[in-house]
Amino acid sequence: MKNRLDILNIWVDPVNREQAVRLVEKFLAQEARPHSIFASNPEKNFTVPKDLDLYKTFKEADLLLPDGIGMVLAARILHKAGLTRVPGSEFIFDLCRLAEIKGYKIFLYGAKEEVSRAAADKLQKQYPDLVIAGRENGYLKEPEMPDLIGRINESGAEILFIALGSPMQEKWYAVHKNELTHVRVCQAIGGTLDTIAGNVKRAPELWCKFSLEWLYRLLSEPKRIKRQKVLPVFAIMILVRKLKAMLSLEKK
Ligand code: UDP
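Being a predicted model, the structure only gives us computed values, none of them experimental.

Calculation criteria
- Residues numbered from 1 in each chain as written.
- Predicted model: local features only at pLDDT ≥ 70, side-chain atom pairs only at ≥ 80, totals over all residues.
- Heavy atoms only, no water.
- Helix = DSSP H or I, 4+ residues; strand = E, 2+ residues; numbered from the N terminus.
- Buried < 20%, exposed > 50% of the residue type's maximum accessible area, 1.4 Å probe, protein only.
- Pairing = 2+ DSSP bridges.
- Axes fitted to C-alpha atoms, helices over the stretch in contact; angles between N-to-C directions.
- Expected span 1.5 Å × (residues − 1).
- Arc of directions from axis to C-beta.
- Contact = heavy atoms within 4.5 Å.
- Disulfide = S-S within 2.5 Å.
- Salt bridge = Lys/Arg side-chain N within 4 Å of Asp/Glu carboxyl O.

Colleague: Would you mind going over the environment of Leu73 with me for this structure?
Modeller: If you trace the backbone, Leu73 turns up in helix α4 (residues 69–79). Overall, the relative accessible area of 38% leaves Leu73 in the partly exposed class. For the pair Leu73 and Ala235, spaced 162 residues apart in sequence, the C-alpha to C-alpha distance is 9.2 Å.

Structural data, given as structure tokens:
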């Protein structure tokens with residue numbers, strides 16, 4: 001995207017939910033290659049630059065969603081940009097609705113077998129005309145990949161949801177994107193199938209309203225503290241970057 005915003009070591013696209021859906025409609029209208037949609041969030045600021053291939057894949061993504069309040073605030077502080085959150089875990093519903101209306105087929109890849117099955121059932125109930133052309137759990141071995149890719153291609157799905165968790169899902173996309181002959185849009189959705197299946201509870205609406213999903217998730221899955229402890233570091237880095245920018249402006 002042209003007006004992509006730098007947020008420390010990564011980027012985010014200044015799109016709201018509606019604009020993001022419109023962009024995906026454009027991707028779907030182009031047959032050329034798969035387009036990648038990744039969620040941009042503070043954690044990725046620390047994981048993505050550690051791996052050069054991952055960094056390149058992330059940088060070349062077709063759409064980097066402002067996944068949570070961390071990126072929205074950072075974009076406001078650093079760029080005075082008025083972003084709204086477009087959580088990847090909610091955007092999957094926009095894409096399923098779009099697929100249902102426009103007749104695109106979806107394929108779900110990732111999560112445990114029972115989670116994948118339950119999530120597919122829930123999505124089918126929610127979107128009765130949606131065509132789920134196939135699904136596969138995320139615990140296949142490397143030698144099984146050619147068969148999986150073959151099934152994804154033969155399914156005729158235009159939209160592939162990759163639910164392997166980050167950064168495994170972005171790396172999978174980087175390795176296999178050129179083998180996907182029919183898919184036009186891939187969204188990496190992390191643990192979203194677990195929430196759809198009901199295995200992991202989504203934050204109640206009130207928590208979402210106050211942008212506190214991260215806190216709800218932390219309280220309900222305390223082992224996530226390891227990953228979320230980067231949040232205060234991220235906040236400090238943003239403030240330092242802002243201060244530096246202000247000071248260099250004063251000097252000029
Ligand atoms: N997962 C998978 N294959 C693996 C490892 C993980 O399919 O080899 C799935 C796992 O079952 C879960 C998701 O990837 O559904 C990871 O969820 P998490 O919430 O940790 O990911 P995040 O959203 O934080 O990236």
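Colleague: Is there a simple way to think about the sheet that holds strand β6 (residues 131–136) in this case?
Modeller: Note: strands within a sheet are paired through backbone hydrogen bonds, in either parallel or antiparallel orientation. Reading across the sheet, the 6 strands line up as β4-β3-β8-β7-β5-β6 and stay open at both edges, with parallel pairing between neighbours. In the strand order of this sheet, the two ends are held by β4 (63–66) and β6, each with one partner. Taken pair by pair, the neighbouring strands of this sheet meet at an average axis angle of 20 degrees, ignoring direction. Two elements, strand β5 (residues 105–110) and β6, share 5 bridges in a ladder whose sense is parallel.

Colleague: Explain helix α6 (residues 113–126) to me, please; I cannot follow it from the model alone.
Modeller: The periodicity of an α-helix, 3.6 residues per turn, causes residues three or four places apart in sequence to face the same way. Here α6 is 14 residues long and its end C-alpha atoms lie 20 Å apart, about the 20 Å a rise of 1.5 Å per residue gives. Residues of α6 that are buried: Val115, Ser116, Ala119, Ala120 and Leu123. Down the axis of α6, the sector holding all buried residues measures 130 degrees, keeping them to one side. Buried residues in α6 make contact with α5 (88–102), β5, β6 and α9 (192–197).

Colleague: Mind showing me how you'd approach the state of the cysteines here?
Modeller: Think of a disulfide as a covalent bridge from one cysteine sulfur atom to another cysteine sulfur atom. If you walk through the whole model with that rule in mind, you get 0 disulfides. Unpaired in this structure, Cys186 has its nearest cysteine sulfur neighbour in Cys96, at a distance of 14 Å. For Cys208, which is in no disulfide, the shortest distance to another cysteine sulfur is to Cys96 and amounts to 18 Å. Among the residues examined, Cys208 registers a relative accessible area of 13% and is labelled buried.

Colleague: Just checking my understanding: could you explain the pairing of strand β3 (residues 35–40) for this structure?
Modeller: The two faces of the sheet receive side chains in turn, since in a regular strand these alternate between them. Among the 6 residues in β3, 6 count as buried, and that is most of the element. Because side chains alternate across β3, one face comprises the buried residues His35, Ile37 and Ala39, and the other comprises Ser36, Phe38 and Ser40, equally buried. Both β3 and strand β8 (residues 185–188) contribute to a ladder of 3 bridges, which runs parallel. Bridging across to β8, His35 finds its partner in Val185. In the sheet, β3 pairs with β4 via 4 bridges, with the strands oriented parallel. Bridge pairing in β4 places Ile37 opposite Leu63.

Colleague: Help me out: how do you make sense of the pattern of salt bridges in this one?
Modeller: Pairs may arise between side chains of opposite charge once their charged atoms sit close together. Throughout the structure, instances matching the rule amount to 14 salt bridges. Ionic pairing is found between Glu170 and Lys44, a salt bridge with its closest N-O pair at 3.5 Å. Highlighted residues: Glu170 in helix α8 (residues 168–176) and Lys44 in helix α2 (residues 42–47), separated in sequence by 126 residues. Comparing Glu170 with Lys44 shows no difference in burial state: the two are buried. Shared partners join several salt bridges into a network, and the residues in it are Arg17, Glu90, Asp94 and Arg97.

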